[in-house]
Protein chains: 2
Amino acid sequence: MTAPLPSQKAMVPFVSVENMMRLVHHLGIERVLAELTDLIEEDFGRWESFDKTPRVASHSRDGVIELMPTSDGTIYGFKYVNGHPKNTAEGLQTVTAFGLLADVATGYPVLLTEMTLLTALRTAATSAMAARHLAPKGGKVMAMIGNGAQAEFQALAMKAVCGIDTVRLYDIDPRATQKTARNLEGSGLTVIPCTSSQQAIEGAAIVTTCTADKQFATILTDNMVGPGIHINAIGGDCPGKTELHKDILLRADCFVEYPPQTWIEGEIQQMDRSYPITELWQVVTGQVPGRRDERQITLFDSVGFAIEDFSALRYLRNQIVGTDFYQELDMIADPDDPRDLFGMLQRAR
Amino acid sequence: MTAPLPSQKAMVPFVSVENMMRLVHHLGIERVLAELTDLIEEDFGRWESFDKTPRVASHSRDGVIELMPTSDGTIYGFKYVNGHPKNTAEGLQTVTAFGLLADVATGYPVLLTEMTLLTALRTAATSAMAARHLAPKGGKVMAMIGNGAQAEFQALAMKAVCGIDTVRLYDIDPRATQKTARNLEGSGLTVIPCTSSQQAIEGAAIVTTCTADKQFATILTDNMVGPGIHINAIGGDCPGKTELHKDILLRADCFVEYPPQTWIEGEIQQMDRSYPITELWQVVTGQVPGRRDERQITLFDSVGFAIEDFSALRYLRNQIVGTDFYQELDMIADPDDPRDLFGMLQRAR
């Protein structure tokens, strides 16, 4: 007896790395970043309708593996993501990820996808969303300190969403800066490689820090930070890993994604709980102001939250409908009679 | 420029439903169940080396979606599983699942697989492992109350591991019993369909309850349970869902997987915390006895724990090496220079 073909319910659309790259080129990366920014903002705008939980982390000597689930009551999403700073030395990615959406009513998965690229895109889009509310109006220059895997995505998102036209690059490894400068050729951005953090931040309206070492580091010191700038702090994102001197936090107004997670993973792990923070979703919904004046120092203490991944997964699901940017995976056993799982197995013999 | 082929590190072996069925038939289902039982027992024997956490559940009106992670320090595994009792009425599975193994040292996934079938196999193997320590020696008859998707797997595991030769079936829906009886034809088991639970348990050494309603039910009452039997209670596995009358628990010695989870999900959610329970791993390691005498009533209050899935994933990973029972999924973005994720994207244009 021939095995019957799997039913449509058994098939889960899967977006491979290759298809993700094809999709991004098909749509155009700046369009993807801008649309993702809007969708993340939409989901931050309905923050209270999400089931939220700090990520579920499994720590080991060399890194961490995390599961980041959330649900809006209709769709459930989660991301698997690792963070292994030592990987780079072995030619591996520090961060790899994949994600899934499922239908809350049935529990059946409806999308599986690579999320290494998608996480890079959503992290940049989240930064752009925060900067749209917090960066000084009309600022055209961003300093980018740390020129690793996230750098180009950040630069293009700030261009597409906030209108920056110049990016000033610095990394302790000049080859990383060269790599980023080369990749941004033809992007329309003026790219200025710098030889120090101090030089990089000259004239910058936005300072993005995105370094990867797992340690308490001081990428920015207090005397480097002038009034009126927006700091977009990406790299401090796990316990024991920060980038900013504490004194900067004391002068800045600090905005976060999900406090129970940011207190553990963000720059504010250096502060005690009396330190005032504002939740970004409250800025998005207009409950509290974003930037209030020209001299204010704003800080987005970004660690990455499950709702951003949810938005990215939702975006992807919408974009692949009717395209060939996915394949069908036979991942769900779906016998004709749901009680007859064994019969399905038997008939496949 | 052509996109370079993904590197081997980017590829994750994936076992589809079809390949899982092929593999089970290739090895033989009783062999799979017996080997799985041994591997689960091996992992229960090193219980203390695992990173354990209760499953991460997202509850909704119609069901639950859960993530079940664990790690032994070298390998990390997790399962995605839903539980939607209403699904059956819509022709869908109550439980669907998939799972993943990853390398703790790098965080890179090393196996993705369907787990609806694999969960059915590991649940039956776990029951068989418990019965091997708890059921009366030489018992040849099992009563199977609830003849749904798990029934045949339970019967064959008890045959392969504990040597039962007869299974007495009962379900409130006679069609479910007919389905199970038909599927077990030619299995070597004597199958006796019964018209009541009372009739089914006559002469049984092992009574397995596996019903699916999400409610406090009484599948077995106290007067039905004679001395010396082993109760294998599978169906009470989430808050508000139990199968046994409380009085049975008071007469039985109760064995559980992971107490923090079983207190919430198992039969013992009916009891207060002074109720004595024994952890099954302590029986496996010989720290405490299993069955002590012929008149003892033993109860395995099974809810399913992440380590059992870990064992099943580990088993599968070993079995597919060098076979064609899997395909490679391009799931991990793996640029030549790990800091050059954007360059990889760009070169794929």
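All of these numbers come straight from a predicted model, not from anything done at the bench. (Residues numbered from 1 in each chain as written. Chains lettered and ligands numbered in written order. Predicted model: local features only at pLDDT ≥ 70, side-chain atom pairs only at ≥ 80, totals over all residues. Heavy atoms only, no water.)

Digging into the pattern of salt bridges
All names here are of chain A.
Then comes step 1: What the rule picks out here adds up to 48 salt bridges over all chains.
Then comes step 2: Residue arginine 122 is joined to aspartate 309 by a salt bridge in which the shortest nitrogen-to-oxygen separation is 2.6 Å. Of this pair, arginine 122 sits in helix α3 (residues 116-134) while aspartate 309 sits in helix α10 (residues 306-320), and the two are 187 residues apart along the sequence.
Then comes step 3: In this structure, lysine 179 engages glutamate 152 in a salt bridge whose closest nitrogen and oxygen atoms are separated by 3.1 Å. In this pair, lysine 179 is assigned in helix α5 (residues 174-183) and glutamate 152 in helix α4 (residues 151-162), connecting sequence segments 27 residues apart.
Then comes step 4: Under the relative-accessibility criterion, lysine 179 is labelled buried at 3%.
Then comes step 5: For glutamate 152, a relative accessible area of 0% puts it in the buried group.
Then comes step 6: Salt bridges sharing common partners tie together Glu42, Asp43, Arg46, Asp72 and Arg314. (Salt bridge = Lys/Arg side-chain N within 4 Å of Asp/Glu carboxyl O. Helix = DSSP H or I, 4+ residues; strand = E, 2+ residues; numbered from the N terminus. Buried < 20%, exposed > 50% of the residue type's maximum accessible area, 1.4 Å probe, protein only.)

Side note on the pairing of strand β7 (residues 141-145) of chain B
Residue and element names in this part refer to chain B.
Then comes step 1: Within β7, five of the five residues are buried, leaving the element largely enclosed by the surrounding structure.
Then comes step 2: Because side chains alternate across β7, one face comprises the buried residues Val141, Ala143 and Ile145, and the other comprises Met142 and Met144, equally buried.
Then comes step 3: Note that β7 and strand β8 (residues 166-170) share five bridges and pair parallel. Paired with valine 141 across the strands is threonine 166, a residue of β8.
Then comes step 4: Viewed along the sheet, the connection from β7 through helix α4 (residues 151-162) into β8 turns out right-handed.
Then comes step 5: Bridge count between β7 and strand β10 (residues 206-209): four bridges; the pairing is parallel. Bridging across to β10, methionine 144 finds its partner in threonine 208. (Pairing = 2+ DSSP bridges. Right-handed = clockwise from strand over helix to strand, strands pointing away.)

Side note on the sheet that holds strand β16 (residues 298-301) of chain B
Residues and elements named next belong to chain B.
Then comes step 1: With parallel pairing, eight strands are arranged side by side in an open sheet as β9-β8-β7-β10-β12-β16-β14-β15. Every other strand in the sheet has two partners, leaving β9 (190-193) and β15 (277-279) as the edge strands with one partner each. Strand-to-strand, the axes of this sheet are offset by a mean angle of 20 degrees, without reference to chain direction.
Then comes step 2: Docked against the sheet, helix α3 (residues 116-134) engages β10, β12 (230-233), β14 (253-256) and β16, running at close to 160 degrees with respect to β16.
Then comes step 3: The strands that α4 touches are β7, β8, β10 and β12; relative to β7, the one it contacts most, it runs at about 165 degrees. (Axes fitted to C-alpha atoms, helices over the stretch in contact; angles between N-to-C directions. Contact = heavy atoms within 4.5 Å.)

Some points on the packing of aromatic side chains
Each aromatic ring pair is summarised here by two numbers: the centre-to-centre distance and the angle between the ring planes.
Then comes step 1: For the structure shown, the criterion picks out 23 aromatic pairs over all chains.
Then comes step 2: Relative to phenylalanine 153 of chain B, the ring of phenylalanine 342 of chain A lies with its centre 5.3 Å away and its plane at 80 degrees, an arrangement referred to as edge-to-face. Residue phenylalanine 342 of chain A is located in helix α11 (residues 341-347), and its partner phenylalanine 153 of chain B is located in helix α4; the two belong to separate chains. Each member of the pair, phenylalanine 342 of chain A as well as phenylalanine 153 of chain B, carries the same accessibility label: buried.
Then comes step 3: With a centroid separation of 6.4 Å and an interplanar angle of 5 degrees, the aromatic rings of tryptophan 47 of chain B and tryptophan 281 of chain B are classed as stacked. A residue pair is termed long-range when its members are at least 10 positions apart, and tryptophan 47 of chain B in the loop between α2 (29-44) and β2 (56-59) and tryptophan 281 of chain B in helix α9 (residues 280-284) qualify at 234 residues.
Then comes step 4: Under the relative-accessibility criterion, tryptophan 47 of chain B is labelled buried at 3%. (Phe/Tyr/Trp six-rings, centres within 6.5 Å; stacked < 30°, edge-to-face > 60°.)

Considering the nonpolar core
Among soluble globular proteins, nonpolar side chains are generally buried collectively.
Then comes step 1: Counting residues in hydrophobic clusters, the biggest one holds 78 residues, and the most contacted among them are Ile29, Leu117, Leu121 and Phe153 of chain B.
Then comes step 2: Considering each element in turn, this core owes the most residues, eleven residues, to α3 of chain B.
Then comes step 3: Not counting the four nearest positions on each side in its chain, phenylalanine 153 of chain B is found in contact with Leu341, Phe342 and Leu345 of chain A together with Ile29, Leu33, Leu117, Ala120, Leu121 and Ala124 of chain B.
Then comes step 4: Listed in part, the 77 residues of the second largest apolar core include Met68, Val110, Leu111 and Met129 of chain A. (Core = buried A, V, L, I, M, F, W, Y, C linked by side-chain atoms within 4.5 Å.)

Remarks on the domain arrangement of chain A
Residue and element names in this part refer to chain A.
Then comes step 1: Parsing chain A into structural domains produces domain 1 (8-117 + 307-342) and domain 2 (126-304).
Then comes step 2: The straight-line distance from the C-alpha centre of domain 1 to that of domain 2 is 25 Å.
Then comes step 3: Taken together, the contact between domain 1 and domain 2 spans 21 residues of the former and 27 residues of the latter.
Then comes step 4: Of the roughly 2300 Å² buried between domain 1 and domain 2 on both sides combined, carbon and sulfur atoms contribute 63%.
Then comes step 5: Across the pair glutamate 41 and arginine 132 runs a salt bridge, and its minimum N-O distance is 3.1 Å.
Then comes step 6: Run the count over domain 1 and domain 2 and you get seven residue pairs in polar contact (both at pLDDT 80 or more).
Then comes step 7: Elements represented by at least two residues in the side of domain 1 that touches domain 2 include exactly α2 (29-44) and β3 (64-71).
Then comes step 8: Tallying contributions element by element places α2 first for the side of domain 1 that touches domain 2, with nine residues. (Domains from an automatic or database assignment. Buried area = accessible area lost by both parts, 1.4 Å probe. Polar contact = N/O pair within 3.5 Å; in protein donor to acceptor, adjacent residues only side chain to side chain.)

Here we look at the sheet that holds strand β4 (residues 75-83) of chain B
Adjacent strands of a sheet form backbone hydrogen bonds with each other and so pair up, either parallel or antiparallel.
All names here are of chain B.
Then comes step 1: Read across the sheet, seven strands follow the order β2-β3-β4-β5-β6-β1-β17 without closing on themselves; strand pairing throughout is mixed. Two strands lie at the open edges of the sheet, namely β2 and β17 (327-330), each paired on one side alone. Adjacent strand axes in the sheet meet at a mean angle of 20 degrees, parallel and antiparallel pairs treated alike.
Then comes step 2: One ladder, built from five bridges, connects strand β5 (residues 97-103) with strand β6 (residues 109-114); its direction is antiparallel. Paired with phenylalanine 98 across the two strands is glutamate 114, which belongs to β6.

Concerning the packing of α2 of chain B against helix α10 (residues 306-320) of chain B
Residue and element names in this part refer to chain B.
Then comes step 1: Across the interface, α2 lies against α10 with an axial gap of 9 Å and an inter-helix angle of 125 degrees. Considering their axes alone, α2 and α10 lie oblique with respect to each other. In this structure, the crossing between α2 and α10 has a hand that is right-handed. For the pair α2 and α10, the contacting residues are Arg31, Val32, Glu35, Leu36, Leu39, Ile40, Glu42, Asp43 and Phe44 in the first and Ile307, Glu308, Phe310, Ser311, Ala312, Arg314, Tyr315 and Gln319 in the second.
Then comes step 2: Tallied by class, residues from the contact of α2 with α10 come to nine nonpolar, two polar and six charged. (Parallel < 35°, antiparallel > 145°, perpendicular 65-115°, else oblique. Left-handed = near helix turned anticlockwise from the far one by under 90°. Nonpolar A, V, L, I, M, F, W, Y, C, P; charged D, E, K, R; others polar.)

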